[in-house]
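Commentary on secondary and tertiary structure
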Amino acid sequence: MLWLVLNPHEIELRPKPVRRHVRSPRLKSRAFHDLETGQIKSLLFFGALNTMSGTPVVTRFAPSPTGFLHIGGARTALFNWLYARHTGGKMLLRIEDTDRARSTDEAVAAILEGLKWLGLDWDGEPVSQFSRTDMHKEAVDALLASGNAYKCYCSREELDAMREKAMAEGKPPRYDGRCRHRAPDDAPEGIAPVIRFRSPEEGETLIDDKVQGEVTFANKDLDDLIILRSDGTPTYNLSVVVDDHDMGVTHIIRGVDHLTNSARQSQIYSALGWDVPVMAHIPLIHGPDGAKLSKRHGALGVEAYREMGYLPQAMRNYLARLSWSHGDDEIFSTQQMIEWFDLPGIGKSAARFDFAKLENLNGHYMRASSDDELLRELERSLPHLPQGPDFLARLTPGKRDALRASMTGLKERAKTLNELVAGAQYLVAERPLALDEKAAGLLGSDARDMLSRLHDALAGIGEWNAETLEEAVRLFAEKNELKLGKVAQPLRAALTGTTTSPGIFDVLTVLGREESLGRISDQSTTN
RNA sequence: GCGCCCUUCGUCUAGUGGUUAGGACACCGCCCUUUCACGGCGGAAACACGGGUUCGAGUCCCGUAGGGCGUACCA
């Protein structure tokens with residue numbers, strides 16, 4: 001809850017009937033329209049109740065489409081989603097595209113795609129804030145009519161000068177209110193005015209935030225903000241209030257960078273005679289070096305994480321643990337996350353993004369996946385992975401079977417899907433295999449001699465399976481008075497071109513007799 | 001500059017006046033072992049600093065330092 005503390009003088013000055021003005025026919029009809037769809041009604045029946053007011057919880061995620069969905073936005077979306085799911089409420093999606101110059105359709109698509117990949121769904125259709133400007137303007141008119149807003153004719157030059165002057169005097173840079181008391185008939189010629197909100201000059205505005213606690217702002221530090229641009233389009237702080245109110249948002253969960261906005265919005269809510277939703281301002285995510293997240297420190301679009309081979313469930317789990325905790329629990333299913341998530345579990349300090357931990361979690365989820373699940377996930381992801389398309393092109397049905405058969409051994413050696421692809425390269429490689437440096441180092445002339453003898457020993461095997469192969473290789477090692485490692489490592493190098501792979505008998509089995517013997521032969525002295 | 005917020009191992013965090021300050025990641029060592037992993041066991045590692053309040057402060061208060069956010073006709 002937020003509320004506004006007005007000084008008595010301010011209240012007297014203002015025309016009182018704010019409530020009547022805001023009930024414009026349009027706003028009212030919207031509300032009825034919602035009721036007619038039956039959505040509200042069904043919510044009342046089936047939705048969990050917001051303990052604060054007894055109404056169903058409605059959260060929203062409201063990104064601005066000026067770029068991809070970055071990691072901070074993704075976590076904000078996750079928290080909103082989690083809270084809505086936890087309470088049995090709804091999460092709405094609203095695209096804050098009122099800045100036409102900076103908003104793009106590509107960004108909208110990227111945000112939607114990012115949310116879908118993360119597995120965060122929303123209720124209803126995404127709402128374009130820009131499409132609702134008529135309604136926003138009506139609220140501006142209502143504010144104007146009630147005396148809670150006024151026209152300002154100051155030029156940008158004047159405003160800049162104002163700011164510089166205030167800075168020089170060590171005061172907060174703010175609008176000095178010079179048009180605040182201008183008489184309506186005192187309009188300068190030929191200047192398209194902006195509309196400013198008439199904010200209280202004294203007293204303070206208190207935000208009772210579910211995460212930040214009670215935060216107080218002196219009203220003298222909050223200047224008269226522009227709510228309608230000179231081109232007649234509404235600005236963010238006004239639009240947000242109107243939309244959140246109209247869309248029935250009960251809980252606003254967003255980054256702390258909005259805290260000051262919330263103070264101003266709280267004043268607008270009051271002037272409009274509306275209740276302020278429950279607020280929860282969550283800490284931001286910092287880069288690994290503690291500085292603000294930037295493109296160089298992990299503020300990548302979620303699609304970048306997909307390209308790095310992370311699993312959505314790992315991302316969800318990792319993101320959930322940033323500034324939120326449930327005791328010592330570290331790894332939990334999405335279902336548990338929903339059960340456990342609540343606002344009191346959110347801390348106030350910012351968290352650094354740690355790729356090492358994300359990777360560990362990702363490895364955990366890969367290992368925890370069944371072989372089939374992981375194979376499906378990999379196939380879905382291949383188009384997005386750097387080596388994916390090439391790998392996919394080589395993945396014949398037979399090799400896909402081999403991949404499936406090798407998954408158990410492969411997945412515990414990979415922390416990302418990219419590592420999984422790298423580890424599976426030997427399955428799709430063509431003879432003769434290229435050897436990496438370490439593998440080449442393993443294949444001296446002694447080893448190559450040994451390989452030709454081993455080739456002959458294996459060629460005579462009847463049934464080609466892990467058991468018979470292990471028996472044969474161990475026997476071979478014994479006869480040649482070699483430790484198993486002395487045989488297995490060169491064999492691995494010949495079979496995979498690397499020094500790292502799943503168990504060597506599994507490799508032999510999956511590759512099959514012909515391919516295995518061929519690869520061994522390729523590296524033998526006599527072939 | 002001004003306003004608001006933050007500060008427990010390197011990192012994410014538990015902790016709500018009395019704990020040997022716990023867990024996880026990362027790191028180090030050992031075990032397992034055909035490689036690499038996985039797994040198991042063990043280790044090192046923190047209450048930013050200074051004042052109060054209290055019989056007793058990581059926990060409450062004040063200050064200092066450091067950090068973050070905000071300060072637009074962006075959202």
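You'll find the structure just up there.
Keep in mind it's a predicted model, so treat the numbers as computed, not measured.

**Remarks on the overall build of chain A**
A tally of helices and strands in chain A yields 24 helices and 13 strands. Taking the intrachain contacts of chain A between residues at least 6 apart in sequence as the baseline, contacts between residues at least 24 apart amount to 77%. For chain A, the accessible area works out to roughly 24,900 Å², and carbon and sulfur atoms hold 51% of it.

**Some points on helix α24 (residues 504–522)**
In this model, α24 (19 residues) spans only 17 Å end to end at C-alpha, well below the 27 Å of a helix rising 1.5 Å per residue. Within α24, the full set of buried residues consists of Ile 504, Phe 505, Val 507, Leu 508, Leu 511, Gly 512, Ser 516, Leu 517, Gly 518, Arg 519, Ile 520 and Ser 521.

**Here we look at the state of the cysteines**
According to the stated counting rule, one finds zero disulfides in the structure shown. Cys 154 provides the cysteine sulfur closest to Cys 152, a residue in no disulfide bond, and the two sulfurs are 3.7 Å apart. We note that Cys 179 lacks a disulfide partner, and the nearest cysteine sulfur, in Cys 154, lies 3.7 Å from it.

**Quick word on the packing of helix α21 (residues 445–459) against helix α23 (residues 484–496)**
Remark: α21 packs on α23, axes separated minimally by 10 Å, with the N-to-C direction vectors making an angle of 85°. Put simply, α21 runs roughly perpendicular to α23. Residue-level inspection shows Ala 447, Met 450, Leu 451 and Leu 454 of α21 in contact with α23, the latter providing Lys 486, Val 487, Pro 490, Leu 491 and Ala 494. In terms of residue class, the contact of α21 with α23 is built from eight nonpolar, no polar and one charged.

**Some thoughts on the packing of aromatic side chains**
Applying the stated criterion to the full structure yields nine aromatic pairs. When the centroid spacing of 5.4 Å and the interplanar angle of 40° are considered together, the rings of Trp 324 and Phe 341 count as tilted. Pair noted here: Trp 324 is in the loop between α12 (312–320) and α13 (334–340) and Phe 341 is in the loop between α13 and β13 (351–352), with a separation of 17 residues, a long-range link. When sorted by exposure, Trp 324 lands in the same class as Phe 341, which is buried. The interplanar angle of 65° and the centroid separation of 4.9 Å between the aromatic rings of Phe 353 and Phe 355 together place this pair among those described as edge-to-face. Members of the aromatic cluster, connected to one another through ring pairs, are Phe 79, Trp 324, Phe 332, Trp 340 and Phe 341. The ring of Phe 79 has Arg 75 lying over it, and the distance from NZ or CZ to the ring centre is 5.1 Å.

**A short note on the packing of helix α9 (residues 236–246) against helix α10 (residues 259–272)**
Two numbers describe how α9 lies on α10: the axes approach to 10 Å, and their chain directions differ by 60°. Taken together, α9 and α10 sit at an angle that is classed as oblique. Pair α9 / α10 crosses with right-handed handedness. Along the contact surface, α9 presents Tyr 236, Asn 237, Leu 238, Val 240, Val 241, Asp 244 and His 245, while α10 presents Asn 261, Arg 264, Gln 265, Ile 268, Tyr 269 and Leu 272. The residue inventory of the contact of α9 with α10, partitioned by class, reads seven nonpolar, four polar and two charged.

**Some remarks on the protein's contact with RNA strand B**
What surrounds RNA strand B is a group of 66 residues, the closest being Arg 229, Ser 323, Lys 348, Glu 412 and Arg 413. The protein-proximal atoms of RNA strand B, defined as those within 4 Å of the protein, are 70% sugar or phosphate. The contact in question runs from a sugar or linking oxygen of RNA strand B to an N or O atom on the side chain of Asp 99, over 2.7 Å. A distance of 3.2 Å separates a phosphate oxygen of RNA strand B from a polar side-chain atom of Arg 163. When residues of the surface near RNA strand B are traced back to their parent elements, those giving at least two are α8 (156–168), β8 (213–218), α10, β13, α14 (355–368), α23 and α24. With five residues, the single largest contributor to the surface near RNA strand B is α23.

Thresholds, definitions, all that
Residues numbered from 1 in each chain as written. Chains lettered and ligands numbered in written order. Predicted model: local features only at pLDDT ≥ 70, side-chain atom pairs only at ≥ 80, totals over all residues. Heavy atoms only, no water. Helix = DSSP H or I, 4+ residues; strand = E, 2+ residues; numbered from the N terminus. Contact = heavy atoms within 4.5 Å. Areas by Shrake-Rupley, 256 points an atom, 1.4 Å probe, with all protein chains shown as cover. Expected span 1.5 Å × (residues − 1). Buried < 20%, exposed > 50% of the residue type's maximum accessible area, 1.4 Å probe, protein only. Disulfide = S-S within 2.5 Å. Axes fitted to C-alpha atoms, helices over the stretch in contact; angles between N-to-C directions. Parallel < 35°, antiparallel > 145°, perpendicular 65-115°, else oblique. Nonpolar A, V, L, I, M, F, W, Y, C, P; charged D, E, K, R; others polar. Phe/Tyr/Trp six-rings, centres within 6.5 Å; stacked < 30°, edge-to-face > 60°. Lys NZ or Arg CZ within 6 Å of the ring centre and 35° of its normal. Left-handed = near helix turned anticlockwise from the far one by under 90°. Near = heavy atom within 4 Å. Polar contact = N/O pair within 3.5 Å; in protein donor to acceptor, adjacent residues only side chain to side chain.

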